[in-house]
Amino acid sequence: MIKILHLSFILISLSSFVGRLVLSETRPELLKLKILKIAPHIIDTLLLLSGITLVIQGAWLSTEYSWIIAKITALVFYIGLGVVTMRTRGTKRWLAFAGAMACFVYIGIVAVTKDPFFFI
Ligand code: HEM
């Protein structure tokens, strides 16, 4: 059940990020709406909380947890690059966006393989 919530928050978080980016390029004035400023923080907090709940539920810290450290580290980069994406324009924006997407995909693969070095 929590895993379904976790996966749903991931999809909502990604769509809200891409949606805000599209709005920023097409209708930037809409981003000033209070709901569009607050909602992403609520969604990302719920995503993090669902992840932490899964860690506790699966007692992951008492087994092999390097993949969880990798996930959280990549999440910090994902959020940071997301902030850069929304605050810049032009090439810098698209490079930051590509980096954020790479982190997102990495987090997803690490979640499934439970191996931070799956690419080696
Ligand atoms: C953008 C952020 C995140 C993405 C894309 C993501 C992705 C995923 C995916 C795809 C799964 C399902 C894996 C499977 O069923 O094989 C999963 C499960 C899980 N995630 Fe996340 N996650 C994110 C954030 C987090 C965070 C921040 C934490 C920890 C604080 C976390 C902890 C977990 C745990 C413990 C599981 C359950 C693993 C299992 O029971 O097999 N996740 N995540």
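Everything that follows concerns the structure shown earlier in this document.
Source: prediction; values computed, not measured. (Residues numbered from 1 in each chain as written. Predicted model: local features only at pLDDT ≥ 70, side-chain atom pairs only at ≥ 80, totals over all residues. Heavy atoms only, no water.)

Caption draft 1: Looking closely at the site of the ligand. Neighbouring the ligand are 20 residues, the closest being Lys-3, His-6, Ile-10, Lys-71 and Lys-114. His-6 has a polar side-chain atom sitting 2.9 Å from a nitrogen atom of the ligand. Measuring from a nitrogen atom of the ligand, one finds a side-chain N or O atom of Lys-71 at 2.5 Å. Put simply, the parts of the chain that give the shell around the ligand at least two residues each are helix 1 (2–26), helix 2 (34–57), helix 3 (66–87) and helix 4 (90–113). Partitioning the shell around the ligand into residue classes produces 15 nonpolar, 2 polar and 3 charged. Two domains each provide a minimum of three residues to the shell around the ligand, namely domain 1 (1–63) and domain 2 (64–120). (Near = heavy atom within 4 Å. Polar contact = N/O pair within 3.5 Å; in protein donor to acceptor, adjacent residues only side chain to side chain. Helix = DSSP H or I, 4+ residues; strand = E, 2+ residues; numbered from the N terminus. Nonpolar A, V, L, I, M, F, W, Y, C, P; charged D, E, K, R; others polar. Domains from an automatic or database assignment.)

Caption draft 2: Inspection of a nonpolar patch on the surface at higher detail. A cluster of nonpolar side chains, Ile-38, Ile-42, Leu-46, Leu-48, Leu-49, Ile-52 and Ile-56, forms an exposed patch at the surface whose accessible area comes to about 630 Å². Secondary-structure assignment places Leu-48 in helix 2. (Patch = residues over 30% accessible without salt bridge, like charges linked within 9 Å, V, L, I, M, F, W, Y side chains within 5 Å. Areas by Shrake-Rupley, 256 points an atom, 1.4 Å probe, with all protein chains shown as cover. Salt bridge = Lys/Arg side-chain N within 4 Å of Asp/Glu carboxyl O.)

Caption draft 3: Expanded view of helix 1. Counted at 1.5 Å a residue, the expected span for helix 1 with its 25 residues is 36 Å, and the 35 Å between its end C-alpha atoms agrees. Inspection of helix 1 places His-6, Phe-9, Ser-13, Ser-16, Phe-17, Arg-20, Leu-21 and Ser-24 among the buried residues, and these make up the whole buried set. Where helix 1 is buried, its residues contact helix 2, helix 3 and helix 4. (Expected span 1.5 Å × (residues − 1). Buried < 20%, exposed > 50% of the residue type's maximum accessible area, 1.4 Å probe, protein only. Contact = heavy atoms within 4.5 Å.)

Caption draft 4: Structural detail: the nonpolar core. Core analysis: the biggest nonpolar cluster contains 11 residues, these being Phe-17, Leu-21, Ala-74, Leu-75, Tyr-78, Phe-97, Ala-100, Met-101, Cys-103, Phe-104 and Ile-107. For this core, the elements supplying multiple residues, two or more each, are helix 1, helix 3 and helix 4. Take this core: its biggest share by element is 6 residues, from helix 4. Discounting chain neighbours no more than four positions away, the residues touching Leu-75 are Leu-48 and Ile-107. (Core = buried A, V, L, I, M, F, W, Y, C linked by side-chain atoms within 4.5 Å.)

Caption draft 5: Examining the pattern of salt bridges more closely. The final tally for this structure, using the stated rule, is 3 salt bridges. For Glu-25, the salt bridge goes to Arg-89, with nearest N and O atoms at 3.9 Å. In this pair, Glu-25 sits in helix 1 while Arg-89 sits in the loop between helix 3 and helix 4, placing the two residues 64 residues apart along the sequence. Of the residues examined, Glu-25 reaches a relative accessible area of 37% and is grouped as partly exposed.

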